[in-house]
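Survey of secondary and tertiary structure
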Protein chains: 6
Amino acid sequence: PEKLREKAPKLGVVNGLAWTAVGGVSLEVQGVSTPGKGKLSLTGTLGNVMKESAAVALTYVKATTAERGIEDEKVFENKDIHLHFPEGATPKDGPSAGITITTAIISILSGKEVRQDIAMTGEITIRGEVLPVGGIKEKVIGAHRVGIREVILPADNEADAADIPKEVSKDMKIHFAKSYEDVEKLVFAG
Amino acid sequence: PEKLREKAPKLGVVNGLAWTAVGGVSLEVQGVSTPGKGKLSLTGTLGNVMKESAAVALTYVKATTAERGIEDEKVFENKDIHLHFPEGATPKDGPSAGITITTAIISILSGKEVRQDIAMTGEITIRGEVLPVGGIKEKVIGAHRVGIREVILPADNEADAADIPKEVSKDMKIHFAKSYEDVEKLVFAG
Amino acid sequence: PEKLREKAPKLGVVNGLAWTAVGGVSLEVQGVSTPGKGKLSLTGTLGNVMKESAAVALTYVKATTAERGIEDEKVFENKDIHLHFPEGATPKDGPSAGITITTAIISILSGKEVRQDIAMTGEITIRGEVLPVGGIKEKVIGAHRVGIREVILPADNEADAADIPKEVSKDMKIHFAKSYEDVEKLVFAG
Amino acid sequence: PEKLREKAPKLGVVNGLAWTAVGGVSLEVQGVSTPGKGKLSLTGTLGNVMKESAAVALTYVKATTAERGIEDEKVFENKDIHLHFPEGATPKDGPSAGITITTAIISILSGKEVRQDIAMTGEITIRGEVLPVGGIKEKVIGAHRVGIREVILPADNEADAADIPKEVSKDMKIHFAKSYEDVEKLVFAG
Amino acid sequence: PEKLREKAPKLGVVNGLAWTAVGGVSLEVQGVSTPGKGKLSLTGTLGNVMKESAAVALTYVKATTAERGIEDEKVFENKDIHLHFPEGATPKDGPSAGITITTAIISILSGKEVRQDIAMTGEITIRGEVLPVGGIKEKVIGAHRVGIREVILPADNEADAADIPKEVSKDMKIHFAKSYEDVEKLVFAG
Amino acid sequence: PEKLREKAPKLGVVNGLAWTAVGGVSLEVQGVSTPGKGKLSLTGTLGNVMKESAAVALTYVKATTAERGIEDEKVFENKDIHLHFPEGATPKDGPSAGITITTAIISILSGKEVRQDIAMTGEITIRGEVLPVGGIKEKVIGAHRVGIREVILPADNEADAADIPKEVSKDMKIHFAKSYEDVEKLVFAG
Ligand SMILES: [Ca+2]
Ligand SMILES: [Ca+2]
Ligand SMILES: [Ca+2]
Ligand SMILES: [Ca+2]
Ligand SMILES: [Ca+2]
Ligand SMILES: [Ca+2]
Ligand SMILES: [Ca+2]
Ligand SMILES: [Ca+2]
Ligand SMILES: [Ca+2]
Ligand SMILES: [Ca+2]
Ligand SMILES: [Ca+2]
Ligand SMILES: [Ca+2]
């Protein structure tokens, strides 16, 4: 369980939390930017809601560059962004990777590395609000199982967090985020 | 019920009213503009009628810029507009968000903030007429439930407003709009 | 019934006639042009035949600009045309709005206002011929019901006009058009 | 029956022959060119085979401009071509309008008028060969019924022409074409 | 049967072999190039495998221009290539026209004429390998029936050639090709 | 079985391993680059997962050019890449050709030849990680059958390799790769 904790921060790689028939699982997003023309590519067999979620995250980041370490005005015109969700053959959907995707985009554009010992779930709006999502209990149990000891959940899911079993929650540092600014203070290393 | 009333005006965020199987609900639209090439993006799992409604609203705003605080001729060529309807996983359709969308577009392009203590419903035409929509009673009851005390309805729905229960209507300030100009006088702050 | 007659002429707004399961209804088209790149937008939940009909009307107008008050050669390159058919949620199809659409396009490009006390139906070809359509009796009865007292029908529907009940036809001025030139002489105000 | 014979030649309008459940019918194609960028538009509820047929005809004309009165090299880059098949609501398909479409394209690009007292059917290849088509008997009977007295058929349909009833064929001048060059000598006026 | 043998070589026209429910048939491809922008058009009601086959053939030719009489570097940028498979209404699919298509492309780009007394079948790879295909016996019998006396088959179909009846094979010159270079030595005239 | 071993290294051709109902089979990818505009073409009847896999591989290569013999910054803008999977009529899908495709792209862009006596399977991420895939036993048996004596498998499939029968594994050199860098050391000749 300590395996993940010790991992060094990485650029563009963020641990999300997903919820499937067999329980909560870790859902990693990987972002890479290459010289390009402002295109956003999405791979990993994503459904339409998840694709829209990435578009929402990108608009939120575009609209708030001034508040961050992304100075170059042309950053979105001269780069292509590719977000990939391994494992490629597994279909993925839903809005709950919103803050995970937002974090990956900010990391690759700003050069700030992301902590690998923390995982997160939450829908994002184009104004940076963090909306509640489903499967909180299962997701946190799943994160605990793979050694995660710190998670970020939407503030409006605070009631659902009461359902997390004691033997899991006692090991966990749980943060509640109302807006992406709350997320941002936690996920970037150093 | 006072929660919404006290909210400060916001840029690009407008409270619409929707009508689902479980009654009337609040349907927020969020608009953001970024440097771009005149593209209109729509997210939030929207149906075709709602997408067309946004195109109609945009044309109406384009055709009436001279009458408003949108002076820059190139505003539509040099900006992308992204309209998002949280919650991303909930399908939404129908023409009744027309005046809501119109208000969001005008707000983000003109910089005028929108009152958050008012909600609205009504189809828009490219000439700015406000057409009647369904579910008036349910929508107003739903707005009342979340603390809204002022609503804008289409003038041609005036008869339907008689069905709103007294215990709701007595708390409510109800405006009837024939054209978007009637809406415009009410929704922008200050 | 005098309501419509008194309406002042409008730019880009034309009264068509449609024919549904419940009888003839008025089908308004609204045209607006904005600065653009020659794009034709169509909204109002239109079927493919109706979309093609608009493309045919546009080509006819493009090919005959010299004969009209549209002098600027670049008019089609520098403008976007948006044709909207309220009510957005009602599906519409068929070729019979051809002359209605043609009139809307000419009005917004030439600045000539359209009479609102007249309604019309008829398929258009790219050469400006007016072809016969279905539902003549129902359409004229429907127009009469909403106060219209003057209609334009295709010349090849003259036989169908005999089926219009006397109590309707006695109030009506009925014109028969072989080509769009016959329509043009009637629909523009002043 | 003399009605069609007397019609004056027209630019871009060609009489084809089609074959439906109720017998042979006349299938007119109308071509118009407008200033543009080399786009080919097709309207009239056409199936894919018929759309491809138009693309084949256009390539054949492009590849043989030198042999005709189409001198301007840029003709295909600076014009849009719109081919319309009235009546817009009737679905049409099949390759047999190939030579009809070819004739319409050559007429609008060269300015040569097309005889209206002649009708034709035949598949075209990009090399200008005329291939056999179905429904020869029905098509010629249909043409006769609407007053056509001269038709062009594919050379490889010569055997099928024997099935045309005497009372029709005795009134008819029937031409057989092996290549489009055979068609071309017949269809243009003057 | 001597009819085809005597035919003069042609530019861009190549005899392929296809295999249908009723036996082997001749499948002609016709290639034409026109001034353009490097677009590849395909007509003749082709399935996806056949469309991909044409893309593979084009890449192979692009990658090997230096080895052939195609000198102009810009040839692919300044020309459109249109490949048509008469008869337009008959659906066609499969990879076995690969070497036929390759030959048509090389002919129209290099100006070298193709022998009309030879027919061929074989899948092509982007590296010019000739892969085995189905229906060898039926295809060769079909070619024999229309007077073809010389065919090119994939080398890996040599075993299948043993199934060709003696009364056919005794009249036939059969070539086996491992790579397109083997085909190229045979198909171009003089 | 020595046939493959003796084959000389080739540019852009890589031996993958696939797994079908009838056992493991060799799945070759062929890459060719031509002058172009940065387009990636994929042929061979590929499913969506496999197409995304190629997009992932391309982004990984784009993001790591500095670490390789690909010096020209404009390489991706001025070239088209075409990846073809013979045999064109056989549908192919899944993420397991990831490292095979990556190798083909690097080979054609760097000019480094690929060993033909080695085969590989493994999903790739845009960060170059090699993820486990299915059918390991069947794939290695299939490779052995066609004479392959050296294979690269994902490190996370090491347990599955225990299922490979002794009479196969004793002939085989099996490499396990955690990241593409492990693959890269093995596949390029010289
Ligand atoms: Ca990882
Ligand atoms: Ca979800
Ligand atoms: Ca809100
Ligand atoms: Ca509605
Ligand atoms: Ca009206
Ligand atoms: Ca109709
Ligand atoms: Ca006519
Ligand atoms: Ca036909
Ligand atoms: Ca031939
Ligand atoms: Ca085949
Ligand atoms: Ca091989
Ligand atoms: Ca797989």
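Structure: see above.
Cut-off values and rules
Residues numbered from 1 in each chain as written. Chains lettered and ligands numbered in written order. Predicted model: local features only at pLDDT ≥ 70, side-chain atom pairs only at ≥ 80, totals over all residues. Heavy atoms only, no water. Helix = DSSP H or I, 4+ residues; strand = E, 2+ residues; numbered from the N terminus. Rg over C-alpha atoms; globule rule 2.2 N^0.38 Å. Buried < 20%, exposed > 50% of the residue type's maximum accessible area, 1.4 Å probe, protein only. Contact = heavy atoms within 4.5 Å. Areas by Shrake-Rupley, 256 points an atom, 1.4 Å probe, with all protein chains shown as cover. Lys, Arg positive; Asp, Glu negative; His and termini not counted. Charge placed at Lys NZ, Arg CZ, Asp CG, Glu CD. Buried area = accessible area lost by both parts, 1.4 Å probe. Polar contact = N/O pair within 3.5 Å; in protein donor to acceptor, adjacent residues only side chain to side chain. Salt bridge = Lys/Arg side-chain N within 4 Å of Asp/Glu carboxyl O. Phe/Tyr/Trp six-rings, centres within 6.5 Å; stacked < 30°, edge-to-face > 60°. Lys NZ or Arg CZ within 6 Å of the ring centre and 35° of its normal. Least-squares fit on C-alpha atoms with pLDDT ≥ 70 in both. Core = buried A, V, L, I, M, F, W, Y, C linked by side-chain atoms within 4.5 Å. Pairing = 2+ DSSP bridges.

Of regular secondary structure, chain A possesses 6 helices and 9 strands. In terms of C-alpha radius of gyration, chain A reaches 16 Å, essentially the compact-globule figure of 16 Å for 190 residues. The dimensions of chain A, computed from C-alpha atoms along their principal axes, are 50 × 35 × 30 Å. Counting the 190 residues in chain A, one finds 58% classified as buried. Expressed as a percentage of contacts within chain A between residues at least 6 apart in sequence, the contacts between residues at least 24 apart total 74%. Carbon and sulfur atoms make up 50% of the accessible area of chain A, which amounts to about 8000 Å² in all. Distance between charge centres in chain A, computed from 24 positive and 27 negative side chains, equals 3 Å.

With 18 residues of chain A in contact, the opposing surface of chain F contributes 15 residues. Buried surface at the junction of chain A and chain F, summed over both partners, amounts to about 1300 Å²; 62% is from carbon and sulfur atoms. Sorting the residues of chain A by area buried against chain F places Gln30, Val32 and His82 of chain A first, and these three jointly supply 32% of that buried surface. Where chain A packs against chain F, one counts 7 residue pairs in polar contact (both at pLDDT 80 or more). Elements that contribute at least two residues to the side of chain A that touches chain F include exactly strand 2 (23-35), strand 3 (40-43) and strand 4 (79-84) of chain A. The element best represented in the side of chain A that touches chain F is strand 2 of chain A, accounting for 5 residues.

Here the focus is the interface of chain B and chain C. Counting from both sides, the interface comprises 15 residues of chain B and, opposite them, 18 residues of chain C. Between chain B and chain C, a total of about 1300 Å² is buried, with carbon and sulfur atoms accounting for 62% of that surface. Looking at the side of chain B facing chain C, the largest losses of area belong to Glu52, Ile126 and Arg127 of chain B, adding up to 41% of the total buried there. Counting across the chain B and chain C interface gives 0 salt bridges. Joining chain B to chain C, the criterion identifies 7 residue pairs in polar contact (both at pLDDT 80 or more). At the level of secondary structure, the elements contributing two or more residues to the side of chain B that touches chain C comprise helix 2 (48-63) and strand 6 (123-124) of chain B. The greatest single-element share of the side of chain B that touches chain C, amounting to 7 residues, is contributed by helix 2 of chain B.

Our focus in this paragraph is the packing of aromatic side chains. All names here are of chain D. Scanning all chains against the criterion turns up 6 aromatic pairs over all chains. Consider the rings of Tyr60 and Tyr180, whose centres lie 5.8 Å apart with planes at 70 degrees: the pair is edge-to-face. Linking Tyr60 in helix 2 (residues 48-63) with Tyr180 in helix 6 (residues 180-187), this pair joins segments that are 120 residues apart in sequence. For Tyr180, a relative accessible area of 0% corresponds to the buried category. Above the face of the Phe188 ring, Lys112 is positioned so that its terminal group lies 4.9 Å from the ring centre.

What follows covers the arrangement of the chains. There is a clear gap between chain B and chain D: no contact, and 22 Å between their nearest C-alpha atoms. There is a gap between chain A and chain E: no contact, and a shortest C-alpha distance of 22 Å.

Residue and element names in this part refer to chain C. Looking at the element boundaries, Glu184 is found in helix 6 (residues 180-187). Polar contacts involving the side chain of Glu184 include one to the side chain of Arg68, which spans 2.4 Å. Setting aside chain neighbours within four positions, we find Glu184 in contact with Arg68, Ile106 and Lys112.

A few words on the pattern of salt bridges. A side chain of one charge can pair with a side chain of the opposite charge if their charged atoms are brought near each other. Applying the stated criterion to the full structure yields 30 salt bridges over all chains. As a salt-bridge pair, Glu150 of chain F and Arg115 of chain F come within 2.5 Å of each other at their nearest N and O atoms. Of the two residues, Glu150 of chain F sits in strand 8 (residues 150-154) while Arg115 of chain F sits in the loop between helix 3 (98-110) and strand 5 (119-120), which places them 35 residues apart along the sequence. Taking the relative accessible area as the measure of exposure, Glu150 of chain F reaches 10% and is therefore buried. Overlapping salt bridges bring together Arg115, Asp117 and Glu150 of chain A as one network.

The two copies are related by a screw motion: chain B maps onto chain C through a turn of 60 degrees and a shift of 0.0 Å along the axis, at an RMSD of 0.0 Å. Both chain copies can therefore be described as sitting about a six-fold axis. Looking at the rotation axis and the C-alpha trace of chain B, the residue lying nearest is Lys37 of chain B, at 13 Å.

This brings us to the environment of Leu27 of chain C. Residues and elements named next belong to chain C. In this fold, Leu27 is placed in strand 2 (residues 23-35). Measuring from C-alpha to C-alpha, the distance between Leu27 and Ala97 comes to 8.5 Å, with 70 residues separating the pair along the chain. Among all residues touching Leu27, those that are not within four sequence positions of it are Val14, Asn15, Gly16, Leu17, Ala18, Met50, Phe85 and Lys92.

It is worth spelling out the environment of Phe85 of chain B at this point. Residue and element names in this part refer to chain B. Here Phe85 lies in the loop between strand 4 (79-84) and helix 3 (98-110). The exposure class assigned to Phe85 is buried, which follows from its relative accessible area of 1%. The spatial distance from the C-alpha of Phe85 to the C-alpha of Leu46 is 8.3 Å, given a sequence separation of 39 residues. The contact partners of Phe85, leaving out residues within four places of it in the chain, are Leu27, Glu28, Val29, Thr43, Gly44, Leu46, Met50, Lys92 and Ile101.

Attention now goes to the nonpolar core. All names here are of chain E. Leu83, Ile105, Leu109, Ile152, Tyr180 and Val183 are the most contacted members of the largest nonpolar core, which totals 41 residues. Secondary-structure elements contributing two or more residues to this core are strand 1 (13-20), strand 2 (23-35), helix 2 (48-63), strand 4 (79-84), helix 3 (98-110) and helix 6 (180-187). Filtering out sequence-adjacent residues up to four positions away, Tyr180 remains in contact with Tyr60, Arg68, Ile99, Thr102, Thr103, Ile106, Ile124, Gly128, Val130, Val187 and Phe188.

Further remarks concern the sheet that holds strand 4 of chain E. All names here are of chain E. Taking strand neighbours across the sheet as the criterion, the 7 strands line up as 3-4-2-1-5-8-9 in an open arrangement whose pairing is mixed. One side of each edge strand has no neighbouring strand; the edge strands of this open sheet are strand 3 (40-43) and strand 9 (173-177). As defined by bridge partners, strand 5 (residues 119-120) adjoins strand 8 (residues 150-154) across 2 bridges and the pair is classed as parallel. Paired with Met120 across the strands is Ile152, a residue of strand 8.

Residues and elements named next belong to chain F. Strand 1 (residues 13-20) sits mainly inside the fold: 6 of its 8 residues count as buried. The sheet contact formed by strand 1 and strand 2 (residues 23-35) spans 8 bridges and is antiparallel. Paired with Leu17 across the strands is Ser26, a residue of strand 2. Between the end of strand 1 and the start of strand 2, which pair antiparallel, lie 2 residues. Examined bridge by bridge, strand 1 and strand 5 share 2 bridges and lie parallel to one another. Across the sheet, Gly16 pairs through a bridge with Met120, a residue of strand 5.

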